[in-house]
Amino acid sequence: MKKVLENRTAIAVFIVPALIVYSGIVILPVLWSLYYSFYSGSPGLKWEFCGFDNFFRLFGDTNFKASLVVNLKYISVVMLGQVGMGLLLALLFNFWLKRFKNVIRTLVFFPVVLPTVAVGQLFQKIYEIQPNYGLLNSLLDSLGLTNLVQPWIGQASTALGSLCVMDIWVAMGFYAVIFYGALLDIPGDVIEAARIDGASGLQLFRYILMPLLRTMIITCLIFSFSGTVKMFESATALTNGGPGAATRSLSMYMYNVSFTYNKVGYGSVVALFIFLLCVVGSSIIRKFDYKE
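What you are looking at is a predicted structure, and each value in this text was computed from that prediction instead of being measured. (Residues numbered from 1 in each chain as written. Predicted model: local features only at pLDDT ≥ 70, side-chain atom pairs only at ≥ 80, totals over all residues. Heavy atoms only, no water.)

A. Just the UniProt feature "domain: ABC transmembrane type-1" (unreviewed entry) in the protein, in detail. Per the UniProt annotation, the sites labelled "domain: ABC transmembrane type-1" (unreviewed entry) are residues 68-285. Structurally, residues 68-285 is divided into 74% helix and 0% strand, and its ends, taken at the C-alpha atoms, are 19 Å apart. (UniProt positions renumbered as here; feature names shortened; annotations may be inferred. Helix = DSSP H or I, 4+ residues; strand = E, 2+ residues; numbered from the N terminus.)

B. Examining the UniProt feature "transmembrane region" (unreviewed entry) in the protein more closely. The sites that carry the UniProt feature "transmembrane region" (unreviewed entry) are, in the present numbering, residues 12-35, 74-96, 103-123, 159-183, 204-225 and 264-285. For the annotated span residues 12-35, helix accounts for 100% and strand for 0% of the residues, and the straight-line distance between the end C-alpha atoms is 30 Å. Helix makes up 71% of residues 103-123 and strand 0%, with an end-to-end C-alpha separation of 24 Å.

C. Main features of the pattern of salt bridges. Applying the stated criterion to the full structure yields 1 salt bridge. Here glutamate 128 and lysine 125 are joined by a salt bridge, their closest N and O atoms 4.0 Å apart. Relative accessible area serves as the criterion here: at 21%, glutamate 128 is assigned to the partly exposed category. (Salt bridge = Lys/Arg side-chain N within 4 Å of Asp/Glu carboxyl O. Buried < 20%, exposed > 50% of the residue type's maximum accessible area, 1.4 Å probe, protein only.)

D. Quick peek at the packing of helix 4 (residues 62-95) against helix 10 (residues 201-229). Running from amino to carboxyl end, helix 4 crosses helix 10 at an angle of 140°, the nearest separation of the two axes being 9 Å. Classified by the angle their axes make, helix 4 and helix 10 are oblique. Classified by chirality, the crossing of helix 10 by helix 4 is right-handed. Here Asn71, Tyr74, Ile75, Val78, Met79, Gln82, Val83, Leu87, Leu91 and Phe95 of helix 4 come into contact with helix 10, specifically with Phe205, Leu209, Met210, Leu213, Ile217, Cys220, Leu221, Ser224, Phe225, Thr228 and Val229. Here the contact of helix 4 with helix 10 is built from residues that sort into 17 nonpolar, 4 polar and no charged. (Axes fitted to C-alpha atoms, helices over the stretch in contact; angles between N-to-C directions. Parallel < 35°, antiparallel > 145°, perpendicular 65-115°, else oblique. Left-handed = near helix turned anticlockwise from the far one by under 90°. Contact = heavy atoms within 4.5 Å. Nonpolar A, V, L, I, M, F, W, Y, C, P; charged D, E, K, R; others polar.)

Pasting the structure below:
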């Protein structure tokens, strides 16, 4: 191994192909968007150099600010929900559901592989109120909670929350499997010693499991953050950004500006902002991965 690491040719063979692919699918599109951001209009259609006008326009755009607020709310709820529920399920698999854990783990993971459009159609039926009650409203009605029956994705006050519930349900199985694998790597002697010393379940989680799982938690938070920043497919499938702009994300706004209104230059500025948001947010999360 030492010979391989000291061999520059071997290092180049391993790194250069990956670097070329990464440059082609990440760095080049970012540079291309940066170039486009200095132009107004769309290539071939009123394509004119405008300098920094698109950047100045961004901070005064009320639609952009509204989409940013929606994105931040979605990120905060879904990221914590996905990782938190994944960790909770992993703990259940490891400590309580030992008899049927393989079957339950498979069922929990199943939504991860479902197409986004299919999941969106499923939850549209769950939240449906007309012409017939969906599963959720039917359950509320049967329990006598008719005052809670409402158009969950048809009103601005509940649409974003309904979308968050759907995306947490879809991805929590993915994080549950990751955390379950991390729990299996924790030596049983450590847990047994803590129990012998009289540690309660909460103390075991706080002082033993959390420190040992911290690196994995940070990694999952970064995965989830990167996915939620790009909020697009699920919102399009369930609500199409509505009602109004209640579930319209930055990615959806960028798409509409670029391809519906043919303002590719301004859309490129929004895309660059999304890229910077992803980089800065991931860097902030990594700051919590300290070593004692």
